[in-house]
Amino acid sequence: MEKLLDVLLLGRMRFHDLSMRGRVVLSQLPLNLTMLLVCLIAVIADPEIFGNPGFLIAQAWALALLVVAVAVPWDRLPYGWFLVMPVLDFYPVGLLRYSSEPTLPGLGLLAVFPIMWLAGSGYRPRIMVPFGGVAALLMVWVPLFMEGRATPHELAANLVVPFMLLAIGVGTSVMTLSGMAQQERVQELLERAETRERLLDTVLDTVDVGVLVLDDHGENTYLNAKERQLYVAALPAGSSTTNEAELLIYWEGRDEPVPPEQRPLERVLNGETIEHEVYQLGRGPEARTVSISGRQFVDAAGNKAGTVLASTDVTEVVAAVRARDKFLAAMSHEFRTPLTNILGYAELLYDDPSLSPAARSDLQIMARNARHLNHMVDDILLSSVTGSDAPLLRRPLDLSELAREAVASARAEATSRGIEVEVNAERALPVMGDRTGLVRILDNLLSNALKYSYAGTKVTLETCKDDDWAVCSVTDEGLGIAPEDLNRVFTRFQRSDAAVRSGIPGTGLGLALAKEVAELHDGQLDVTSVVGVGSVFTLRLPLRKTHADLPRA
């Protein structure tokens, strides 16, 4: 009964949430309430009507039907049996209309209740809607036949009410079927949404990325399992829960805590977007290093809907990178001292006039290999500091001049290999750059060209201007690079299969470092190559604006 009253009072309970008995009672109740209203009106309009047996029988029949609706366990009966109730409702309505028509005309319209019940049930509408129309017609015509007044004129004159009731039934049926179809569609969409939500929850709890979602008020709405683990790592010792501002968050690589206003969550809540910023959560052996990205998101109307923070645990990655860099730096320093000694003593020995030509030749080979090893050590040492940490001292330079100097430095090695070196770099190409870095690029490109060329071939270094770019290209007639190796030629510690098979020494670092330096100068380093024909490495750097380039007043 409480649920029934909740529906009647337009509460939170919906009609379809009721039991079958509750729905039957609620569907029968409007007719009984209306017939009770008829009694109240009759008291005022014509009290003598209560002396009419038909009027009293109709009221008693309707009341009995309400008792049946309450007493019968409709939930246990096969679906559809409840429609017996609206069919039986036509009798008290017809009897009430017949017994009180002179005093209270129009009571036949009470048949709209059973008509709407039949049509609105959604159960076999092609049968129930016509059946309701026929029942309404019989309700009007049967008294005419009983009284002997069933003339064509009388029958036609009483068609209006049944036709109106039939039209109401058709409209109710159409609306009901449409509503049922929409309800099924909504239910299907809700089930899909629930399935997707469960899938999303499963995925977010499975992936090794912490995800935190906050609503537009900054309140936590979702926290996956990985984010909980990272949250625990940031808790102060002995604390099980605390405010975000009290979590132990430090700058990566430092013991300095991040100020509350600079914490990633606070910055994202203030509208800032962060990407892959590294922090340390917690202290001691349980501390974790995380890469955090975050941004706000908006709803369909373009209003702020919330904030998402993604945290990736990179503790092992950072530790591995640090160990690698430490190893490379230590190894490079350990090699540098003996190599420096070898080169120094080789130069002293080379100046000894008592050396025979054969010994002098052997000494040159020893010194050349020692210098080669020294270059490799330099490459390894430089590789331990890259990206934004690489030192760059930019100043005005002439790329053509650097190219000529690089060729002059490489000419002795080219002569010893029997390779011709040609330079076409007459026009000045002003750039802003780090001299050490650009010299390293040119030396590396020339060294590679000589290393992978055959005796009797030619290496050409050429500079030119291309719009706003200073361009330097190094062309050789050597081994060439296979197409499958071109996409990894600038990858650290990667060497082409042809270079490995040929036994040419190298670390696979030179070109990778050269490309990194070029990109630090906002430039590009590209390569084109044909196996057996040769390769062309092209360095492109932004031209520096000189006074001659400025527009004149």
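Residues numbered from 1 in each chain as written. Predicted model: local features only at pLDDT ≥ 70, side-chain atom pairs only at ≥ 80, totals over all residues. Heavy atoms only, no water.

With respect to the packing of helix H5 (residues 112-120) against helix H8 (residues 160-206)
Worth spelling out the cut-off: Orientation is described by lines fitted to C-alpha atoms, with helices fitted over the stretch in contact, and by angles between N-to-C directions that extend from 0 to 180 degrees. Only DSSP runs of H or I reaching four residues or more are called helices, and only runs of E reaching two or more are called strands; each is numbered from the N terminus. Put simply, a crossing is left-handed when the front helix is turned counterclockwise from the back one by less than a right angle, and right-handed when it is turned clockwise. Between two residues, a contact is recorded if the distance between any of their heavy atoms is within 4.5 Å. Ten residues, namely Ala, Val, Leu, Ile, Met, Phe, Trp, Tyr, Cys and Pro, are considered nonpolar, four, namely Asp, Glu, Lys and Arg, are considered charged, and the remaining ones, Gly among them, are considered polar.
Running from N to C, H5 and H8 cross one another at 35°; their axes reach a closest spacing of 8 Å. The element H5 and its partner H8 pack so that their crossing is right-handed. Along the contact surface, H5 presents Val 112, Ile 115, Met 116, Ala 119 and Gly 120, while H8 presents Leu 165, Ile 168, Gly 169, Thr 172, Ser 173 and Thr 176. Residues of the contact of H5 with H8, tallied by class, amount to six nonpolar, five polar and no charged.

Quick word on the environment of Val 232
To keep things clear, this is the line we draw: When accessible area is computed with a 1.4 Å probe and restricted to protein chains, residues below 20% of their type maximum are described as buried, those above 50% as exposed, and intermediate ones as partly exposed.
Among the secondary structure elements, Val 232 is positioned in helix H9 (residues 225-233). Looking at Val 232, the relative accessible area reads 53%, which means it is exposed. In this structure the C-alpha to C-alpha distance between Val 232 and Glu 286, which are 54 residues apart in sequence, comes to 9.6 Å.

Side note on the pairing of strand S1 (residues 209-215)
Our working rule: Each pair of strands is called paired provided DSSP finds at least two bridges between the two strands.
A large share of S1 lies buried, amounting to five of its seven residues. The pairing of S1 with strand S6 (residues 304-313) spans seven bridges and is classified as antiparallel. When the bridges of S6 are listed, Leu 214 appears paired with Thr 307. In this sheet, strand S2 (residues 220-223) lies alongside S1 in antiparallel orientation, the contact comprising three bridges. Bridge pairing links Val 213 to Tyr 222 in S2. Following S1, the chain reverses through four residues before pairing antiparallel with S2; Gly 218 in that reversal takes a positive phi of roughly 85°.

Topic: the packing of H5 against helix H6 (residues 125-147)
Which entries qualify depends on this criterion: In this scheme, roughly parallel covers angles under 35 degrees and roughly antiparallel covers those over 145, while 65 to 115 is roughly perpendicular and the rest are oblique.
At a minimum axis distance of 8 Å, the contact between H5 and H6 shows a crossing angle of 165°. Overall, the two elements H5 and H6 adopt an arrangement that is roughly antiparallel. Considering only the axes of H5 and H6, their crossing is right-handed. Judged by residue contacts, Ile 115, Leu 118 and Ala 119 of H5 engage Met 128, Val 129, Phe 131, Gly 132 and Gly 133 from H6. When grouped by side-chain class, the residues that make up the contact of H5 with H6 number six nonpolar, two polar and no charged.

Notes on the state of the cysteines
Here is the rule: By disulfide we mean two sulfur atoms from cysteines, separated by a distance within 2.5 Å.
Tallying each qualifying case throughout the model produces zero disulfides. Note on Cys 464: no disulfide assigned, nearest cysteine sulfur contributed by Cys 472 at a separation of 8.8 Å.

Here we look at the confidence of the model for the protein
Formally: Values of pLDDT, the confidence the predictor places in each residue, fall between 0 and 100.
On average, the protein scores 81 in pLDDT, and the residues at 70 or more come to 86%. Note on residues 385-391: pLDDT under 50 across the span, and nine contacts to partners over four residues away in sequence or across chains. For the stretch residues 547-553, pLDDT sits under 50, and the model shows one contact to residues farther than four places along the chain or on other chains.

Focus on the sheet that holds strand S12 (residues 524-530)
Taking strand neighbours across the sheet as the criterion, the five strands line up as S8-S10-S11-S13-S12 in an open arrangement whose pairing is mixed. Strand pairing shows two members of the sheet lacking a second neighbour, strand S8 (420-424) and S12, which therefore form its edges. In this sheet, adjacent strand axes meet at a mean angle of 15° when their direction is disregarded. Here S8 runs beside strand S10 (residues 458-466); their pairing, made up of five bridges, is parallel.

Remarks on the packing of aromatic side chains
Between two aromatic rings, the relevant description is the distance of the centres plus the angle of the planes. Stated formally: Pairs were defined over the aromatic rings of Phe, Tyr and Trp, the Trp ring being its six-membered one, requiring ring centres within 6.5 Å. Orientation was assigned from the angle between planes: stacked under 30 degrees, edge-to-face over 60, tilted for the rest. For a lysine, the NZ atom is tested; for an arginine, the CZ atom; a charge sits over a ring if that atom is within 6 Å of the ring centre and within 35 degrees of the ring normal.
Scanning all chains against the criterion turns up six aromatic pairs. Pairing Tyr 79 with Tyr 123 gives two aromatic rings, centres 5.7 Å apart and planes at 70°, and the pair type is edge-to-face. Here the residue Tyr 79 occupies a position in the loop between helix H3 (53-71) and helix H4 (84-100), and Tyr 123 occupies one in the loop between H5 and H6, the gap between them amounting to 44 residues. By relative accessible area, which is 24% here, Tyr 123 ends up partly exposed. Taking 6.4 Å as the distance between ring centres and 85° as the angle between the ring planes, the aromatic pair formed by Phe 490 and Phe 537 counts as edge-to-face. With Phe 490 in the loop between helix H15 (483-486) and helix H16 (497-502) and Phe 537 in strand S13 (residues 534-542), the pair connects residues that are 47 residues apart, well separated along the chain. According to the relative accessible area criterion, Phe 537 is buried, its value standing at 7%. A network of ring pairs unites the aromatic residues Tyr 79, Phe 82 and Tyr 123 as a single cluster. It is Arg 283 that lies over the ring of Tyr 250; its NZ or CZ is 4.9 Å from the centre. Here Lys 515 stacks its cationic end above the ring of Phe 490, 4.9 Å away from the centre of that ring.

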